[in-house]
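# A structural walkthrough
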Amino acid sequence: MGTRSIAAVAALIIFALPALGQQDPAAQNMARQVMQTEIDADHADHTRWQYRSHYQKPGEDALFYVIETDSGAIKKKIRTDGRPLTPAELAAEDRKITEFVSSPSEQEKQRKSGREDDKRAEEMLRMMPDAFYWSIKSESPEATTLAFVPNPNFTPPSMEARVFAAMSGEIVLDKAQHRLKLMHGTLTNDVTFGWGLFGRMKKGGTFSVERHEVKPGVWLIVETHVHIEGKALLFKSISEQEDEVKSGFRLTPDAMTLQQAASELKSQPPETLARR
């Protein structure tokens with residue numbers, strides 16, 4: 001769903017930031033309206049999509065083709081490091097698809113993870129209007145930009161909510177539909193855990209999520225960027241350096257089964273999938 005990855009990205013941002021500013025009731029009401037609109041739209045949206053996913057992290061640069069169905073989602077790597085896959089690499093990708101389709105336990109694991117992501121996403125969206133101080137940064141005929149910083153009077157109901165409520169950044173709202181177009185933030189202070197013995201997240205870390213309307217009334221995440229560094233467990237370096245750009249969205253036919261999606265991925269030449 002369109003909200004899911006927002007929560008997943010936000011859960012990566014673990015930092016503490018001094019709250020500054022005051023609440024602007026008008027801005028807070030805008031935030032409340034757009035969050036409720038997103039929740040309602042997510043409940044009503046049962047579309048499934050096919051798309052290309054260009055995913056990058058240290059040591060990996062891959063282009064995938066993804067097909068969502070009511071029973072789950074299947075993906076196939078079609079390029080790596082900017083080059084086509086070798087026959088052996090393509091055969092390995094097809095084996096992964098076959099193994100997933102033949103494993104009910106893996107399919108249920110994927111569905112369970114999706115349900116948990118949806119639940120967390122909705123909890124975060126419901127929390128956001130009260131978790132932050134909101135202000136109107138700028139407006140245009142099409143969009144409004146709201147800035148947010150942590151609300152010192154807000155008590156997070158959980159550890160995950162505490163992490164999320166520590167963010168500071170901006171969101172851009174589509175005025176006509178009251179939808180979330182862009183969300184980004186920056187880690188402005190180092191964060192320590194256990195006086196720095198168990199972890200430290202470095203200031204300067206950033207995240208960004210961008211959404212587009214791919215079908216009238218349906219907004220999906222098209223770009224996700226997370227760049228955070230630090231150390232954990234005394235000396236182990238940690239790095240959340242991930243970029244994903246999605247493109248070529250096409251509706252999956254309602255009747256398409258997981259097996260049919262797998263057959264399409266395995267039968268279509270990678271060049272055809274890359275051009276879709």
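Just above, that's the structure.
The sections below set out a description of the structure shown in this document. (Residues numbered from 1 in each chain as written. Predicted model: local features only at pLDDT ≥ 70, side-chain atom pairs only at ≥ 80, totals over all residues. Heavy atoms only, no water.)

Helices and strands together make up the secondary structure of the chain, namely seven helices and 13 strands. Considering the chain as a whole, with its 276 residues, one finds that 42% of them fall into the buried category. Long-range pairs, those at least 24 residues apart, make up 57% of the contacts in the chain with a sequence separation of at least 6. Only carbon and sulfur atoms are counted for the fraction: they give 54% of the accessible area of the chain, which is about 14,400 Å². (Helix = DSSP H or I, 4+ residues; strand = E, 2+ residues; numbered from the N terminus. Buried < 20%, exposed > 50% of the residue type's maximum accessible area, 1.4 Å probe, protein only. Contact = heavy atoms within 4.5 Å. Areas by Shrake-Rupley, 256 points an atom, 1.4 Å probe, with all protein chains shown as cover.)

Axis angle and axis distance: for two packed helices, these are the angle between their axes and the distance between the axes, and together they describe the pair. In the contact formed by helix H3 (residues 87–101) and helix H6 (residues 258–267), the axes pass within 10 Å of each other and the chain directions differ by 175°. The pairing of H3 with H6 is recorded here as roughly antiparallel in orientation. Contacts from Asp 94, Ile 97, Thr 98, Phe 100 and Val 101 of H3 reach H6 at Leu 258, Gln 259, Ala 262, Leu 265 and Lys 266. Along the lines of polarity and charge, the residues of the contact of H3 with H6 split into six nonpolar, two polar and two charged. (Axes fitted to C-alpha atoms, helices over the stretch in contact; angles between N-to-C directions. Parallel < 35°, antiparallel > 145°, perpendicular 65-115°, else oblique. Nonpolar A, V, L, I, M, F, W, Y, C, P; charged D, E, K, R; others polar.)

Running from N to C, helix H2 (residues 25–44) and helix H4 (residues 104–131) cross one another at 165°; their axes reach a closest spacing of 8 Å. The angle between H2 and H4 falls in the class roughly antiparallel. Once H2 is placed against H4, the crossing between them reads as left-handed. Touching Gln 28, Ala 31, Arg 32, Met 35, Gln 36, Glu 38, Ile 39 and His 43 of H2 are Glu 122, Leu 125, Arg 126, Met 128, Pro 129 and Asp 130, all from H4. (Left-handed = near helix turned anticlockwise from the far one by under 90°.)

Attention shifts here to the nonpolar core. Ranked by internal contacts, the top residues of the largest apolar core, which has 23 residues, are Trp 134 and Ile 171. Sequence-distant contacts of Ile 171, that is, excluding residues within four places in its chain, are made with Met 35, Trp 134, Thr 144, Thr 145, Leu 146, Phe 148, Leu 180, Leu 182 and Met 183. Leu 63, Ile 97, Met 256 and Leu 265 belong to the second-largest nonpolar core, a separate cluster that totals 14 residues. (Core = buried A, V, L, I, M, F, W, Y, C linked by side-chain atoms within 4.5 Å.)

Listed in full, the buried residues belonging to H6 are Leu 258, Ala 261, Ala 262, Glu 264 and Leu 265. All buried residues of H6 fall inside an arc of 160° around its axis, so they share one side. (Arc of directions from axis to C-beta.)

Applying the stated criterion across every chain yields a total of 15 salt bridges. Between Arg 179 and Glu 38 there is a salt bridge; the shortest N-O distance is 3.0 Å. Residue Arg 179 is found in strand S8 (residues 179–186), and its partner Glu 38 is found in helix H2; the two are separated by 141 residues along the sequence. Accessibility classification places Arg 179 together with Glu 38 in one group, the buried group. What you see here is one network of salt bridges that share partners, running through Glu 38, Arg 179 and Arg 211. (Salt bridge = Lys/Arg side-chain N within 4 Å of Asp/Glu carboxyl O.)

Moving on: the packing of aromatic side chains. Under the criterion given, the structure shown has five aromatic pairs. Centroid distance Trp 49 to Phe 249: 6.3 Å. Interplanar angle 85°. Geometry classified as edge-to-face. Taken together, the residues span a long stretch of sequence, with Trp 49 in strand S1 (residues 49–57) and Phe 249 in strand S13 (residues 236–251) at a distance of 200 residues. The two residues Trp 49 and Phe 249 agree in class, both being buried. Both rings, one in Tyr 51 and one in Phe 249, keep their centres 5.3 Å apart while their planes meet at 35°; by these two values the pair is tilted. (Phe/Tyr/Trp six-rings, centres within 6.5 Å; stacked < 30°, edge-to-face > 60°.)

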